[in-house]
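Chains, contacts and geometry: an overview
Spelled out from the first residue to the last, the chains are:
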Amino acid sequence: EAGVAQSPRYKIIEKRQSVAFWCNPISGHATLYWYQQILGQGPKLLIQFQNNGVVDDSQLPKDRFSAERLKGVDSTLKIQPAKLEDSAVYLCASSNRVGEKLFFGSGTQLSVL
Amino acid sequence: DAKTTQPPSMDCAEGRAANLPCNHSTISGNEYVYWYRQIHSQGPQYIIHGLKNNETNEMASLIITEDRKSSTLILPHATLRDTAVYYCIAPLSGNTPLVFGKGTRLSVIA
């Protein structure tokens, strides 16, 4: 079974630039999550999708972050414009259903200079 | 989520059992306890979960106290590859996403 795929693996940008991350969950998984992990901390949930609908985006900084999951399969997370404090690893995870175990991708490490 | 408390770091000798504690004194009767681990430069990996009874799988054992206020994850024969950050999580319900704390950094030493 293929795992959760994320790209790019690394990204370096300057502040005020925009960036996008892509995630392809495990086939058939209805629930998809984006987490932000700052160095030394545990992952922090940004947004949760159920199929192509948003279930929880209460922690997403909506003035600069946006996410979509068209067709209920893969997803993109965008930051525009980026700030220095956005430097982190962005993790995508999926599960068959809400409440079941999560499968994580390897993440995208973002450095904002 | 029920608040969980874990020691920030632990060491374990290779080949010995690693016992990672977690306090979740505010847990309710319906909340499962989940354990994940995160090896350097990778995403978190599911290990095990339980409600009341002790659980065992190919990776680890989970011991939950009778009052459910604490649990212990046991890696029976730790190897260097078990060096990772271990997260204990007690979500509010089966329909809420997982909230990760800082976890316990386990160092397995040769």
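Before going into details, it helps to say that this report is about the structure given with it. Every chain is numbered independently, its residues counted from 1 as its sequence is written. Whichever chain is written first is A, and whichever ligand is written first is 1; the rest continue in order. The model is predicted, so local features are restricted to residues of pLDDT at least 70 and side-chain atom pairs to those at 80 or more, both for listing and for counting; the totals for chains, interfaces and linings are taken over all residues. Side-chain figures throughout are based on the complete set of non-hydrogen atoms in the structure, without hydrogens or water.

1. As for the interface of chain A and chain B
A common way to state how big an interface is: give the accessible area lost once the parts meet. Only heavy atoms enter the contact rule, under which two residues are in contact if any of them lie within 4.5 Å. Counting from both sides, the interface comprises 19 residues of chain A and, opposite them, 17 residues of chain B. Buried area: the accessible area, evaluated with a 1.4 Å probe, that two parts lose upon being put together, summed over both parts. Here chain A meets chain B over a buried area of about 1300 Å², counting both sides, of which 56% is carbon and sulfur. It is A:Pro43, A:Lys101 and A:Phe104 that lose the most area in chain A upon contact with chain B, and together they represent 29% of the buried surface on that side. A carboxyl oxygen of Asp or Glu within 4 Å of a side-chain nitrogen of Lys or Arg is what we treat as a salt bridge. If you look at where chain A meets chain B, you find 0 salt bridges. Within 3.5 Å is the distance limit for a polar contact, defined as a pair of N or O atoms, with the added protein rule that one can donate a hydrogen and the other accept it, and that residues adjacent in sequence qualify only through two side-chain atoms. Counting across the interface, chain A meets chain B through 6 residue pairs in polar contact (both at pLDDT 80 or more). The helix count covers DSSP runs of H or I at least four residues long, the strand count covers runs of E at least two residues long, and both are numbered beginning at the N terminus. Counting residues per element, the ones that place at least two in the side of chain A that touches chain B are strand E4 (31–37) and strand E5 (44–50) of chain A. Among the elements that take part in the side of chain A that touches chain B, E4(A) stands out by supplying 3 residues, more than any other. For this classification, the nonpolar set comprises Ala, Val, Leu, Ile, Met, Phe, Trp, Tyr, Cys and Pro, the charged set comprises Asp, Glu, Lys and Arg, and every other residue, Gly included, is treated as polar. Looking at the side of chain A that touches chain B residue by residue, the class counts come to 8 nonpolar, 8 polar and 3 charged.

2. Side note on the sheet that holds strand E1 (residues 9–13) of chain B
Where strands meet in a sheet, backbone hydrogen bonds hold them as pairs that are either parallel or antiparallel. Residues and elements named next belong to chain B. Strands were regarded as paired on the criterion that DSSP finds at least two bridges between them. Taken in spatial order, the 5 strands of this open sheet run E1-E9-E8-E3-E4, and their pairing is mixed. Every other strand in the sheet has two partners, leaving E1 and strand E4 (45–50) as the edge strands with one partner each. For this sheet the average axis-to-axis angle between neighbouring strands, irrespective of direction, equals 25°. Both strand E3 (residues 33–38) and E4 contribute to a ladder of 5 bridges, which runs antiparallel. The residue bridging Tyr36 from the neighbouring strand is Tyr46, located in E4. Geometry is summarised by axes, namely lines fitted to C-alpha atoms with helices restricted to the contacting stretch, and by angles between N-to-C directions that run from 0 to 180 degrees.

3. Some points on the pairing of strand E9 (residues 104–109) of chain B
All names here are of chain B. The alternating pattern of E9 places Thr104, Leu106 and Val108 on a buried face, while none of Arg105, Ser107 and Ile109, on the opposite face, is buried. Where E1 and E9 come together, 5 bridges link them in parallel fashion. Residue pairing across strands places Ser9 opposite Arg105, the latter belonging to E9. Strand direction decides the pairing type here: strand E8 (residues 84–89) and E9, joined by 3 bridges, are antiparallel. Here's how the labels work: a residue is buried when its accessible area is under 20% of the maximum for its type, exposed when over 50%, partly exposed in between, all with a 1.4 Å probe on protein chains only.

4. Topic: the pairing of E4(A)
All names here are of chain A. In terms of burial, E4 is a largely internal element, 7 of the 7 residues being buried. The sheet contact formed by E4 and E5 spans 6 bridges and is antiparallel. Note on E5: the bridge partner recorded for Gln36 is Lys44. Taken together, E4 and the strand that follows it, E5, pair antiparallel across an intervening segment of 6 residues, in which Gly40 is found at a positive phi of about 85°. Two strands pair when backbone bridges link them, and E4 and strand E9 (residues 88–95) are joined in this way by 7 bridges, in the antiparallel orientation. Bridging from a neighbouring strand, Thr31 pairs with Ser95 of E9.

5. What about the environment of B:Tyr86?
All names here are of chain B. Residue placement: Tyr86 occurs in strand E8. Along the sequence, Tyr86 and Gln38 sit 48 residues apart, while their C-alpha atoms lie 6.5 Å from each other. Residues contacting Tyr86, with those up to four places away along its chain left out, are Gln6, Leu20, Trp35, Tyr36, Arg37, Ile47, Leu73, Leu75, Gly103, Thr104 and Leu106. At 2.7 Å, the side chain of Tyr86 and the backbone oxygen of Asp82 are in polar contact.

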